[in-house]
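Structural features, examined
Spelled out from the first residue to the last, the chains are:
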Amino acid sequence: MVLDLRLLSSFLAVVEEGHFGRAAARLFLSPPAVTQHVRRLESQVGARLLDRSGSPVVPTAAGVRLAGHARTLLDAAHAALDDLADVTQKADGGRPLRVGIMGHGSAELTPAAINAYRRARPEVRVEIRQLDFTEHVTALVEDRVDVAFVRPSPDDERLVADVLTTEQRIVVVHERSPLADARRSGVGVADLAELPLFSVPGHTPHSFTEYLYFDDRAQRRSSEFAVTPQEVLTGVVTGRSAGSGLRSFARYYAWPGAVFVPVLDARWESSYLAVRAGDDNPEVRVFRALAVALAKGMGPGINSRPLASD
């Protein structure tokens, strides 16, 4: 039996997102395509891999076991592609444009920019790579991606970044949290004193931790660690931690049991498109120009959209 990496990728995205629609958005596929991939994989392995009866969708015992293997296989496949990059670039006429996306990127602007680039440069392959919270500098510096949708602006002279969206800050709490009642009225940073915001690894860039913790004004930390939005939401809905983000986070991660609360007196923050300083790759310049142009039209409207809990 040969396992199709496309099927494994869709299955693992559903496991990590807990939702077929969010998995499809992350992979830039349609929900029916992701559903079909999972069904084909279940037929191939001869076992039900996902329990679809509730929300979020959770893996069965067989699914839990396969998810571990899927991560290993996909990581190995990505490593092999990176190792063969020089050879494949010569064979297919050029390297792909590797787009890194941290979390949901710059909201609706992210897929708009990627699709605009694909229309403008159909001959160039585009590879999408998910970045965790520790990678908003290293993915570019280590040449694992060519452009990256990140927040906040990387504090590193080796990188340059363009502002794409500017949004109100929010916190995400369990529905039984004392702050959940303020989902419409909002709270101040001072109200976050007892909120157990999730912890991040020590190698997370300082600029990112300042952003997460409102310049260290929200000082309490949970014992729960997270490096992806999915891990943040898992900690929230199980009552072990809370999270922070931009307003658009609520639209992309509307998990049952999670409530999004505006932080009224926090400084608004931006999302960015970051690239390596002095990168002379013409495809990077094209992508950057398209993203900045789209941001001028779409950016102001992104912050005005309602929260998921409105």
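Refer to the structure presented above.
Not measured: the values here are computed from a predicted model.

With respect to empty space enclosed by the protein
Tallied over the entire structure, the rule returns two cavities of 30 Å³ or more. In this structure, the largest cavity encloses a volume near 120 Å³. Looking at the lining of the largest cavity residue by residue, the class counts come to nine nonpolar, four polar and one charged. Within this model, the second largest cavity holds a volume of roughly 50 Å³.

Section: the packing of aromatic side chains
Enumeration over the complete set of coordinates arrives at seven aromatic pairs. Residues Tyr 117 and Phe 287 carry aromatic rings whose centres are separated by 5.6 Å and whose planes lie at 55° to one another, so their mutual orientation is tilted. Of the two residues, Tyr 117 is situated in helix H6 (residues 109-120) and Phe 287 in helix H11 (residues 282-302); the sequence distance between them amounts to 170 residues. The pair formed by Tyr 117 and Phe 287 is uniform in burial state, with each residue classed as buried. Ring centres of Phe 133 and Phe 208 lie 5.2 Å apart, and the angle between their planes is 35°; this geometry places the pair in the tilted category. With Phe 133 in the loop between strand S4 (126-131) and helix H7 (138-141) and Phe 208 in helix H8 (residues 206-212), this pair connects stretches of sequence that are 75 residues apart. The exposure class assigned to Phe 133 is buried, which follows from its relative accessible area of 8%. Residue classification places Phe 208 among the buried positions, given a relative accessible area of 2%. The ring of Phe 214 has Arg 169 lying over it, and the distance from NZ or CZ to the ring centre is 4.3 Å.

A closer look at the sheet that holds S4
If you walk across this open sheet you meet the five strands as S4-S3-S5-S12-S6, and the pairing is mixed. Both edges of this open sheet fall to S4 and strand S6 (159-167), since each of them pairs with a single strand only. Taking the axes of each pair of neighbouring strands and ignoring which way they run, one obtains an average angle of 20° across the sheet. Pairing analysis gives six bridges linking strand S3 (residues 97-102) to S4, with the strands arranged parallel. Across the sheet, the residue bridging to Gly 100 is Arg 129, located in S4.

Description of the sheet that holds strand S10 (residues 243-246)
Judged by pairing direction, the sheet is antiparallel, and its three strands sit side by side in the order S10-S7-S11 without closing on themselves. Either end of the sheet is taken by a strand with one partner, and the two such strands are S10 and strand S11 (258-262). Along the sheet, successive strands turn relative to each other by an average axial angle of 30°, direction set aside. In this structure, strand S7 (residues 169-174) lies alongside S10, joined through four bridges in antiparallel fashion. Residue pairing across strands places Ile 170 opposite Gly 245, the latter belonging to S10.

Some remarks on the layout of surface pockets
By volume, the largest pocket is sized at about 1,700 Å³. Forming the boundary of the largest pocket are 48 residues, of which Arg 26, Leu 27, Ile 128, Arg 129 and Gln 130 lie nearest the centre. If you tally residues by element for the lining of the largest pocket, the top one is helix H1 (residues 5-17), at eight residues. Each residue belonging to the lining of the largest pocket can be placed in one class, and the counts come to 21 nonpolar, 11 polar and 16 charged.

About the thresholds
Residues numbered from 1 in each chain as written. Predicted model: local features only at pLDDT ≥ 70, side-chain atom pairs only at ≥ 80, totals over all residues. Heavy atoms only, no water. 1 Å grid on protein atoms, 1.4 Å probe; cavity = no way out; pocket = protein on both sides within 12 Å on 5 of 7 lines; lining within 4 Å. Points joined across faces, edges and corners; volume = space filled by probe spheres on them. Nonpolar A, V, L, I, M, F, W, Y, C, P; charged D, E, K, R; others polar. Phe/Tyr/Trp six-rings, centres within 6.5 Å; stacked < 30°, edge-to-face > 60°. Helix = DSSP H or I, 4+ residues; strand = E, 2+ residues; numbered from the N terminus. Buried < 20%, exposed > 50% of the residue type's maximum accessible area, 1.4 Å probe, protein only. Lys NZ or Arg CZ within 6 Å of the ring centre and 35° of its normal. Pairing = 2+ DSSP bridges. Axes fitted to C-alpha atoms, helices over the stretch in contact; angles between N-to-C directions.

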